Amino acid sequence: MTHQVAGARPLTAGIDVGGTNIRASVIDGDGEVLDTVAAPTPHSARALEDAIDRAVRDLCGRHPISAVGLAVAGFINGDRSTVRFAPHLPWQDAPVAQRLSERLELPVILEHDANAAMWAEYRFGAAAGGHNVVLIAIGTGIGAALLIDGQLYRGTHGVAPELGHLQVVPQGRPCPCGKQGCWERYCSGTALADTAIEMLATDPVRSVLARDVARDPGSLTGRRVAGAAQDGDPLAVRVMADFARWLGLGLAFVSDIFDPDLVVIAGGVSSSAPLFLDEAREEYARAVTGAGHRPLARIRTTQLGEAAGMIGAADLARSALSAGARKSARVARTRHRP
């Protein structure tokens, strides 16, 4: 579709395919965002692929794009060509990479959105220099990614690691996954609102947030709780302290399993890190097995923010493009060998 200047690192497109919006960006070899377009996410598979097609063609009209990477919140198969299942998207066992590649006449790869964000942070952000790194993306729920010796770990079937669904409270809050007591039900943007309602039911306090919840319980969101905590609202401050405790406990579980040297906290809730991160670090240091007798993982927040998924997907597409070029060169040399 486009031509790249010889010798230059190719420009690639990274697309964050979310349940509400599609965001597509042109990313250069240094992880810099050069251009971005956005559109609402359609509700049918054909309409969604049409929207992605339009977004990429729009960007291709202004930039020489050589490959496309999609960051998808869902299960991706091992060769990153098929979306097995995505709870907020209309794809099920869909060969999305092939269909889009044929339409765009460009190489297309898929990646789980947390993996894409992890790769971006490793290449250009907070995880640079890390060896064994866990990324915890805290938003509506918890997404997670694992880097081992500089390589993304996807598991046997491409769906690891689902850390948000570790059961931390037997018979606890019901989770949309079908289980009860999952970590993300106590440590997420959704959990902030649920915790506030539970606290008010058992121990009412006088606060602006409590008054607003009494008037309209449906208006309560995690963002609202974080904003109230920033203003010193007593209910919101208690909620954030509870959130910090659950984050620290969860990070202790994660360290017991993976023993990372670095944890990166990403996702929308990470923007409120000053309200909870110090307390979470303290809880983690107390709760980890062997506390006081082992090195602790460093805990950082994202450097790339909401762009991480797009940057990572684009860089992974660039890597796949380079790997394909090297393979073609080896084949060509073999064919011409005397």
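This text goes with the structure placed above it.
Note that the structure is predicted; figures quoted are calculated from it, not measured.

Enquirer: With reference to specific residues and values, describe the overall build of the protein chain.
Expert: The helix and strand inventory of the protein chain stands at nine helices and 13 strands. Projecting the C-alpha coordinates of the protein chain onto the three principal axes gives extents of approximately 80 × 50 × 35 Å. Per-residue burial over the protein chain gives 50% buried out of 338 residues. For the protein chain, the share of sequence-separated contacts (at least 6 apart) that also reach a separation of at least 24 residues comes to 64%. Placing the 34 positive and 36 negative side-chain charges of the protein chain at their respective mean positions leaves the two points 5 Å apart.

Enquirer: Could you give an account of the pairing of strand β3 (residues 33–40), naming the residues involved and the relevant values?
Expert: Here seven bridges tie strand β2 (residues 21–27) to β3, and the two strands are oriented antiparallel to one another. Looking at β3, one finds that N21 is bridged to P40. Counted along the chain from β2 to the antiparallel partner β3, the turn is five residues long, and its residue G31 has a positive phi close to 80°.

Enquirer: Residue-level account of the side chain of S188, with values.
Expert: Mapped onto the elements of the fold, S188 is located in the loop between β11 (151–152) and α4 (189–202). S188 gets classed as buried once you look at its relative accessible area, which sits at 0%. Sequence-distant contacts of S188, defined by excluding residues within four places in its chain, comprise I138, G139, T140, G141, F243 and V269.

Enquirer: Before we move on, can you summarise the sheet that holds strand β1 (residues 11–17) with the specific residues and values?
Expert: Hydrogen bonds between backbone groups are what pair the strands of a sheet, and the pairing can be parallel or antiparallel. Strand order in the open sheet formed by five strands is β3-β2-β1-β4-β8, and the pairing between neighbours is mixed. What marks the edges here is a single partner per strand, and that holds for β3 and β8 (108–112). Across the sheet, the axes of successive neighbouring strands diverge by a mean angle of 20°, strand direction being ignored. Pairing analysis gives five bridges linking strand β4 (residues 65–72) to β8, with the strands arranged parallel. Opposite L70, over in β8, you have L110 as the bridge partner. The sheet strands contacting helix α2 (residues 96–104) are β4 and β8, and the helix crosses β8 at an angle near 145°. In the packing of helix α3 (residues 113–124) onto the sheet, contacts are made with β4 and β8, and the angle to β8 comes to roughly 95°.

Enquirer: For helix α5 (residues 208–215), give the residues involved together with the corresponding values.
Expert: Along an α-helix, residues three or four apart share an orientation, since each turn contains 3.6 residues. Those residues of α5 that fall on the buried side of the exposure criterion are L209, A210, D212 and V213. Projected down its long axis, α5 shows its buried positions confined to an angular sector of 160°, all on one face. Set apart from the buried face of α5 by more than 90 degrees, the exposed residues are A214 and R215. On the buried face of α5, the contacting elements are α4, α6 (222–230) and α7 (234–258).

Enquirer: Summarise the packing of aromatic side chains; cite the residues concerned and give the values.
Expert: In total, this model carries three aromatic pairs according to the counting rule given. Relative to Y122, the ring of W119 lies with its centre 5.5 Å away and its plane at 50°, an arrangement referred to as tilted. Of this pair, W119 and Y122 both sit in helix α3, three residues apart, which is roughly one turn of the helix. A residue is classified by how much of its surface remains accessible, and Y122, at 22% relative accessible area, is partly exposed. Considering the side-chain rings of Y186 and W246, the 4.9 Å spacing of their centres and the 40° angle between planes classify their relative orientation as tilted. With Y186 in the loop between β11 and α4 and W246 in helix α7, the pair connects residues that are 60 residues apart, well separated along the chain. Across this residue pair, the class does not change: Y186 and W246 are buried.

Definitions and limits used
- Residues numbered from 1 in each chain as written.
- Predicted model: local features only at pLDDT ≥ 70, side-chain atom pairs only at ≥ 80, totals over all residues.
- Heavy atoms only, no water.
- Helix = DSSP H or I, 4+ residues; strand = E, 2+ residues; numbered from the N terminus.
- Buried < 20%, exposed > 50% of the residue type's maximum accessible area, 1.4 Å probe, protein only.
- Contact = heavy atoms within 4.5 Å.
- Lys, Arg positive; Asp, Glu negative; His and termini not counted.
- Charge placed at Lys NZ, Arg CZ, Asp CG, Glu CD.
- Pairing = 2+ DSSP bridges.
- Axes fitted to C-alpha atoms, helices over the stretch in contact; angles between N-to-C directions.
- Arc of directions from axis to C-beta.
- Phe/Tyr/Trp six-rings, centres within 6.5 Å; stacked < 30°, edge-to-face > 60°.

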